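Residue-level listing of the chains:
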Amino acid sequence: MAAHMTPEEFRQAGHAVVDWIADYWATLPRRPVTSADPPGSVAARLPTGPPVTGEPVEAVLADLDRLVVPGLTHWQHPGFFGFFPANTSGPSVLGDLVSAGLGVQGMMWATGPACTELETVLLDWLADLLDLPTRFRSTGGGGGVIQDSASSATLVATLVALHRAAGGRWRQAGVDRRYRVYASAEAHSSVEKAVRIAGLGADGIRLIEVDPVSLAMSPTALRAAIEADRAAGVVPALVVATVGTTSTTAVDPLPEIGPICAELGVFLHVDAAYAGAAAVCPELRFGHAGLEYADSYCFDPHKWLLTGFDCDAFWVADAAELVEALSVLPEYLRNTATESGAVIDYRDWQVPLGRRFRALKLWFVLRWYGVEGLREHIRRGVALAAGFADRVRADDRFELVAEHPYALVCFRLRGADGPNERLLAAVNASGRVFLTHTRVAGRHTLRLAVGAPQTTQEHIDEAWEVISRAAATLSRES
Ligand SMILES: *Cc1c(COP(=O)(O)O)cnc(C)c1O
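Residues numbered from 1 in each chain as written. Predicted model: local features only at pLDDT ≥ 70, side-chain atom pairs only at ≥ 80, totals over all residues. Heavy atoms only, no water.

Chemist: Would you mind going over the environment of L61 with me for this structure?
Modeler: Structurally, the position occupied by L61 is in helix α3 (residues 57–68). Relative accessible area serves as the criterion here: at 12%, L61 is assigned to the buried category. Separated by 88 residues in the primary sequence, L61 and S149 have C-alpha atoms spaced 29 Å apart. (Helix = DSSP H or I, 4+ residues; strand = E, 2+ residues; numbered from the N terminus. Buried < 20%, exposed > 50% of the residue type's maximum accessible area, 1.4 Å probe, protein only.)

Given below as structure tokens:
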């Protein structure tokens, strides 16, 4: 049997791995953003089983270069403008490395007190940083927790909302009648998934129409839907409002949605997965107007706030209600700290029992960048996107399809879908730029989302050149 890696061996191999990552980042701009290999290429390059005897880490690093990297989409590439960013950073990676080295399982306060307490304090810091309502602070009745993703945050919010809608009986009785969840037709697919996982069935979600121009939820349609359901004996349990929809970063009007939820007694969860990060800048907090009505709120530092996946920050206004909805306490987890009631056991705030020390990477990020550094990152992204939108606006061949309040620009060639589909394929085949698409009012639309830390004006200029040239080639061909 190969011996365990000694701390000295780890030190040496670890330095080599850190060097490898630093080289990867330094050489990223020269790589094609996506792999051109057909499906199965990476699998075909791998051996049919693990080695019988152990190998040194250098052998794995060599195979990373040879077998893995050629089959990657480079999300940290300065020309990556697809989906939403999933940016990471040096401090985030180092914090995550410390978490991995500690190997702490923070399911309860008692299984690693610092793991819980650092997380609670950091989520209070973040609440201050985003200027969230005071009721989300741990010092009030609420508090924050790190979930793996916004999808999990929505699922947890759904479970708490059902608990409340059933007058607390949902724990015992299960879903014994019809409950309903409301979200706009532009809401993320994770809402539908949460409804399905919660057992509400396909009828459990009602997609509310959006304003045709802003693509934001219509409060009038929301009220009408809730009232109609109530009249039909269905229990409205949850409204999920979105700040920064996935397609176009539309912002649902919380100042109007909030009072409806308050008046009709429906739990309000606000999903700001991508756009929430912008609120570190005071001038970009417009989407949070009306947030004081929300029962829960989340955003993903792993999208636009330089913290590697996975890190979703989720807050509730009523922590006791959350714990009541989710807590199950078997004998083998009983301990005096939990029984004292003086500690937070984050196992009760999420779906899984176990949890990593994810607060560390966030702590490293917050301390490395400071508030000013985070603001600069967000402002630069917003300015670069605005500059790109100006190029689109100034070119008659193109049209902007939606507002761009953050760092996502939705645009298309005027006219039919076909040329837009071909344009996207041609741009992505360049290897220099990667865009994704969506459908807005039924029309094929290209999305350019700025957010990678390495992206500068130079890369925006290159993206525009690639897009403009591809459009010219297409029109010559047709
Ligand atoms: C990206 C996104 C999600 C899902 O994010 P995960 O953290 O990957 O689950 C949810 N809602 C919105 C609005 C998003 O843009």
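Now that the structure is up, let's keep going.
Chemist: Would you mind showing me how to read the domain arrangement of the protein here?
Modeler: Accessible area lost during the coming together of the parts is what is often quoted as the interface size. The assigned domain composition of the protein is domain 1 (1–30 + 35–71), domain 2 (104–356) and domain 3 (369–477). Inter-centroid distance (C-alpha atoms) of domain 1 to domain 3 is 34 Å. (Domains from an automatic or database assignment.)

Chemist: So what exactly am I meant to see when it comes to the site of the ligand here?
Modeler: Taken together, the neighbourhood of the ligand is formed by 14 residues, with A150, S151, D271, D300 and K303 sitting nearest. Between A150 and the ligand, the recorded distance is 2.8 Å, taken from a backbone N or O atom to an oxygen atom. One of the side-chain N or O atoms of H302 is found 3.2 Å from an oxygen atom in the ligand. When the ligand sits alone it has 390 Å² of accessible area, and the protein chains cover 89% of it. For the shell around the ligand, the secondary-structure elements that each account for two or more residues are α6 (150–165) and α11 (301–304). In terms of residue class, the shell around the ligand is made up of 3 nonpolar, 8 polar and 3 charged. (Near = heavy atom within 4 Å. Polar contact = N/O pair within 3.5 Å; in protein donor to acceptor, adjacent residues only side chain to side chain. Areas by Shrake-Rupley, 256 points an atom, 1.4 Å probe, with all protein chains shown as cover. Nonpolar A, V, L, I, M, F, W, Y, C, P; charged D, E, K, R; others polar.)

Chemist: Can you help me understand the packing of α6 against helix α8 (residues 189–197) in this one?
Modeler: When two helices pack together, their arrangement is given by the angle between the helix axes and by the axis-to-axis distance. Where α6 meets α8, the axes come as close as 9 Å, and the angle between the chain directions of the two elements is 45 degrees. It follows from the interaxial angle that α6 and α8 lie oblique. Considering the relative orientation of α6 and α8, their crossing is right-handed. Contact residues: S151, T154, L155 and T158 in α6; S190, V191, A194 and I197 in α8. Along the lines of polarity and charge, the residues of the contact of α6 with α8 split into 4 nonpolar, 4 polar and no charged. (Axes fitted to C-alpha atoms, helices over the stretch in contact; angles between N-to-C directions. Parallel < 35°, antiparallel > 145°, perpendicular 65-115°, else oblique. Left-handed = near helix turned anticlockwise from the far one by under 90°. Contact = heavy atoms within 4.5 Å.)

Chemist: Even after reading the chapter, I still don't get the packing of aromatic side chains, so can you show me in this structure?
Modeler: The way to describe two aromatic rings as a pair is by their centre distance and the angle between their planes. Considering all chains together, one arrives at 16 aromatic pairs under this definition. Seen from their ring centres, F80 and F434 are 5.4 Å apart, and the 35 degrees between their planes marks the pair as tilted. With F80 in the loop between α3 and α4 (90–102) and F434 in the loop between α15 (417–429) and β10 (436–440), this residue pair connects regions lying 354 residues apart in the sequence. For the ring pair F398 and F411, a centre distance of 6.1 Å and an interplane angle of 55 degrees mean the geometry is tilted. (Phe/Tyr/Trp six-rings, centres within 6.5 Å; stacked < 30°, edge-to-face > 60°.)

Chemist: Help me out: how do you make sense of the pattern of salt bridges in this one?
Modeler: Side-chain pairs of opposite charge can arise where the charged atoms are in close proximity. For the structure shown, the criterion picks out 32 salt bridges. With its nearest N and O atoms 3.9 Å apart, the salt bridge here joins K361 to D96. Linking K361 in helix α14 (residues 359–393) with D96 in helix α4, this pair joins segments that are 265 residues apart in sequence. On the accessibility criterion, K361 (0% relative accessible area) is buried. One network of salt bridges, with partners in common, ties together E399, R412, D417, E421, R439 and R443. (Salt bridge = Lys/Arg side-chain N within 4 Å of Asp/Glu carboxyl O.)

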